[in-house]
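Structural characterization, general
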Amino acid sequence: QVQLVESGGGLVQPGGSLRLSCAASGTIFRINAMSWYRQAPGKQRELVATITANGRTNFVDSAKGRFTISRDYPRNTVYLQMNSLEPEDTAVYYCNAEIMIDWTREAMDYWGKGTLVTVSS
């Protein structure tokens with residue numbers, strides 16, 4: 001069984017910073033890409049940032065230049081550093097990982113339960 005647990009959300013003023021963490025645990029053979037998604041009230045879930053197994057990163061346009069994604073490979077953890085936060089960044093942020101639980105099976109998507117980020121004065 002695999003679990004993803006996010007942490008680091010909270011209330012921050014516009015222009016402030018937050019660092020989200022997501023740790024994967026359980027039966028893990030290999031983790032491919034790890035990503036952060038977000039879902040704002042009344043909106044669809046959107047991909048914010050991805051980091052592949054070899055460290056390549058990709059960001060939604062609204063996050064470029066403000067957010068950084070990184071991984072701690074031995075700890076199966078992914079981070080999202082968010083700077084210059086705006087009210088439009090308010091959302092529940094979800095961690096996603098493509099995980100192989102053993103070498104005979106294809107990678108499957110796993111999700112965390114989400115952490116709320118509120119940007120408000």
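Here the structure is shown first, and the text comes after it.
What counts as what
Residues numbered from 1 in each chain as written. Predicted model: local features only at pLDDT ≥ 70, side-chain atom pairs only at ≥ 80, totals over all residues. Heavy atoms only, no water. Helix = DSSP H or I, 4+ residues; strand = E, 2+ residues; numbered from the N terminus. Rg over C-alpha atoms; globule rule 2.2 N^0.38 Å. Contact = heavy atoms within 4.5 Å. Areas by Shrake-Rupley, 256 points an atom, 1.4 Å probe, with all protein chains shown as cover. Lys, Arg positive; Asp, Glu negative; His and termini not counted. Charge placed at Lys NZ, Arg CZ, Asp CG, Glu CD. Buried < 20%, exposed > 50% of the residue type's maximum accessible area, 1.4 Å probe, protein only. Pairing = 2+ DSSP bridges. Axes fitted to C-alpha atoms, helices over the stretch in contact; angles between N-to-C directions. Phe/Tyr/Trp six-rings, centres within 6.5 Å; stacked < 30°, edge-to-face > 60°. Lys NZ or Arg CZ within 6 Å of the ring centre and 35° of its normal.

Topic: the overall build of the protein
From N to C terminus, the protein includes zero helices and eleven strands. Reading the helices (α) and strands (β) of the protein from amino to carboxyl end gives β-β-β-β-β-β-β-β-β-β-β. Whereas a compact globule of 121 residues would reach a radius of gyration of roughly 14 Å, the protein reaches 14 Å, a difference of no more than 12%. In terms of overall dimensions, the protein has a C-alpha envelope of 50 × 25 × 25 Å along the principal axes. For the protein, contacts bridging at least 24 residues in sequence account for 54% of all contacts bridging at least 6. Within the structure as shown, the protein displays about 6800 Å² of accessible surface, and the carbon and sulfur contribution to it stands at 47%. Charged side chains of the protein number 12 positive and 11 negative; the gap between the two group centres comes to 4 Å.

Examining unusual backbone geometry
Of note, Asn-76 is a non-glycine position whose phi angle comes to about 50 degrees, a positive value. Mapped onto the elements of the fold, Asn-76 is located in the loop between strand S7 (67–72) and strand S8 (77–82). The class of Asn-76 is partly exposed, set by a relative accessible area of 24%.

A word on the sheet that holds strand S3 (residues 18–26)
Read across the sheet, four strands follow the order S1-S3-S8-S7 without closing on themselves; strand pairing throughout is antiparallel. The sheet is open, and its two edges are formed by strand S1 (2–7) and S7, each paired on a single side. The average undirected angle you get between the axes of adjacent strands in this sheet is 15 degrees. In the sheet, S7 pairs with S8 via six bridges, with the strands oriented antiparallel. Looking at the pairing, Ser-70 lines up with Tyr-79 of S8.

Here we look at the packing of aromatic side chains
The geometry of an aromatic ring pair is captured by the separation of the ring centres together with the interplanar angle, meaning the angle of the planes. Under the criterion given, the structure shown has one aromatic pair. Arg-19 extends its terminal NZ or CZ atom over the ring of Tyr-79, reaching a point 4.0 Å from the ring centre. Cation over ring: Arg-45 sits above Trp-111, and NZ or CZ is 4.8 Å from the ring centre.

As for the pairing of S1
Covered by surrounding structure in S1 are Val-2, Leu-4 and Glu-6 only, the residues Gln-3, Val-5 and Ser-7 on the alternate face being uncovered. Where S1 lies against S3, six bridges are found, and the strand directions are antiparallel. Each bridged residue has a counterpart across the sheet, and for Val-2 the counterpart in S3 is Gly-26.

Some thoughts on the side chain of Asn-32
Within the secondary structure layout, Asn-32 lies in strand S4 (residues 30–39). Judged by its relative accessible area of 17%, Asn-32 falls in the buried class. Look past the residues within four positions of Asn-32 in its chain and what remains in contact with it is Ile-51, Thr-52, Ala-53, Arg-71, Glu-98 and Ala-107.

Points about the environment of Tyr-37
Relative to the assigned elements, Tyr-37 resides in strand S4. Separated by 23 residues in the primary sequence, Tyr-37 and Val-60 place their C-alpha atoms 9.9 Å from one another. Leave out the neighbours within four places in its chain, and Tyr-37 touches Arg-45, Glu-46, Leu-47, Val-48, Val-92, Tyr-93, Tyr-94, Asn-96 and Trp-111.

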